[in-house]
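Next come the chains, spelled out residue by residue.
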Amino acid sequence: ALILLTISLTGAQADFVNTSTYSAININNSENDQIEFATSDQYIVYTNYEQNTFSLYLYSIATGESILLAEQTEDRFRPSIDGNDVVWTIAKNGKKYINYYSIDSATSTVYNMPTSGYHNTHPYIQGNKISFIQWNLYNNTSTVMLYENA
């Protein structure tokens, strides 16, 4: 079935409409901003923004349950999901790096910890490949990087 997503950018809520039945499914009860999301066949990963804190949640379409994956205050997560694999940007102590999360094993791994003067951001996952932007703070240039997850 085709699923249509509507998100209010004014802070209301994110609703999913299953076009075969035309009934809305509210994935959370928050009145806060859900500012970004990514979907796979079984899951939706989304960011909730409340009181200067970004919270990243994983929503199971099958069970209707949401679990908190991470929280941070410095920047958005920019999540990506493929099947049971999720990646997002961690912003901590003025640096940005990529986190990989396996839904199957419920474990996280930090990839490509940037050296001084670099940020790793905007990750995208497809299969065993994680692509992202590495931004050089010294000369204000960016490079597309690719990591193959074993």
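Per chain, the residues get numbers from 1 upward, laid out in the order the sequence is written. Per-residue local features of the predicted model are confined to residues with pLDDT of at least 70, and side-chain atom pairs are confined, for both listing and counting, to 80 or more; whole-chain, interface and lining totals are unaffected and use all residues. To get the side-chain values, all heavy atoms of the structure are used, and hydrogens and water are removed first.

Student: Report on the overall build of the chain, specifying residues and quantitative values.
Tutor: The number of helices and strands found in the chain is 0 helices and 14 strands. Accessibility here uses a 1.4 Å probe with only protein chains present; expressed as a share of the type maximum, an area under 20% marks a residue as buried, one over 50% as exposed, and anything in between as partly exposed. The buried share of the chain, reckoned over its 150 residues, is 39%. Whether two residues are in contact is decided by their heavy atoms: any pair within 4.5 Å suffices. For the chain, the share of sequence-separated contacts (at least 6 apart) that also reach a separation of at least 24 residues comes to 21%. By definition, any uninterrupted DSSP run of H or I lasting at least four residues is a helix, any uninterrupted run of E lasting at least two residues is a strand, and each is numbered from the N terminus.

Student: Tell me about the packing of aromatic side chains, and please be specific about residues and values.
Tutor: For Phe, Tyr and Trp, rings pair up if their centres lie within 6.5 Å, where Trp contributes its six-membered ring, and each pair is then called stacked (planes under 30 degrees apart), edge-to-face (over 60) or tilted (otherwise). Taken as a whole and judged by the stated rule, the model has 4 aromatic pairs. Aromatic side chains Tyr 46 and Tyr 57 sit 5.5 Å apart centroid to centroid with 20 degrees between the ring planes, which places their arrangement in the stacked category. Taken together, the residues span a long stretch of sequence, with Tyr 46 in strand S5 (residues 43-50) and Tyr 57 in strand S6 (residues 53-60) at a distance of 11 residues. Aromatic side chains Tyr 49 and Phe 54 sit 4.6 Å apart centroid to centroid with 40 degrees between the ring planes, which places their arrangement in the tilted category. We classify Tyr 49 as partly exposed; its relative accessible area is 27%. These aromatic residues form a ring-pair network of at least three members: Phe 77, Trp 88 and Tyr 101.

Student: Tell me about the sheet that holds strand S8 (residues 80-82), and name the residues and values.
Tutor: Through backbone hydrogen bonds, the strands of a sheet pair up, either in parallel or in antiparallel fashion. One requirement defines pairing of two strands: DSSP has to find at least two bridges between them. Spatially, 4 strands are ordered S8-S9-S10-S11 in an open sheet, and the strand pairing comes out antiparallel. With one partner strand each, in any of the chains shown, S8 and strand S11 (107-111) form the two edges of the open sheet. Across the sheet, the axes of successive neighbouring strands diverge by a mean angle of 25 degrees, strand direction being ignored. When S8 meets strand S9 (residues 85-92), the two strands line up antiparallel, connected through 3 bridges. Bridging from a neighbouring strand, Ile 81 pairs with Val 86 of S9. Note on geometry: axes are lines fitted to C-alpha atoms, helical ones only across the stretch in contact, with angles between N-to-C directions running from 0 to 180 degrees.

Student: So what's going on with unusual backbone geometry? Residues and values would help.
Tutor: Positive phi values are uncommon outside glycine, yet Asn 52 reaches one of about 60 degrees. Overall, Asn 52 belongs to the exposed group, its relative accessible area being 53%. The backbone phi angle of Arg 78 is positive, close to 55 degrees, even though this residue is not glycine. Among the secondary structure elements, Arg 78 is positioned in the loop between strand S7 (66-72) and S8.

Student: Kindly report on the pattern of salt bridges, identifying the contributing residues and their values.
Tutor: Whenever Lys or Arg places a side-chain nitrogen within 4 Å of a carboxyl oxygen from Asp or Glu, that contact is recorded as a salt bridge. Per the stated rule, a full pass over the model turns up 2 salt bridges. A salt bridge links Lys 96 to Asp 75; the shortest N-O distance between them is 2.6 Å. Of this pair, Lys 96 sits in strand S10 (residues 95-102) while Asp 75 is found in the loop between S7 and S8, placing the two residues 21 residues apart along the sequence. One network of salt bridges, in which partners are shared, links Asp 75, Arg 78 and Lys 96.

Student: Account for the sheet that holds strand S13 (residues 129-136), with residues named and values stated.
Tutor: The strand order across the open sheet built from 3 strands is S12-S13-S14, with neighbouring strands paired in antiparallel fashion. Of all the strands in the sheet, just strand S12 (118-126) and strand S14 (141-148) have a single pairing partner and so form its edges. Averaged over all pairs of adjacent strands, the angle between strand axes in this sheet comes to 25 degrees, irrespective of strand direction. Note that S12 and S13 share 7 bridges and pair antiparallel.

Student: Report on the side chain of Asp 75, specifying residues and quantitative values.
Tutor: Under the relative-accessibility criterion, Asp 75 is labelled buried at 12%. Here a polar contact is recorded for every N or O atom pair within 3.5 Å, except that within protein the pair must consist of a potential hydrogen donor and a potential acceptor, and residues adjacent in sequence are included only if both atoms are side-chain atoms. Polar side-chain contacts of Asp 75 include one of 2.6 Å to the side chain of Lys 96. In this structure Asp 75 touches Phe 54, Ala 91 and Lys 96, once residues within four positions along its chain are discounted.

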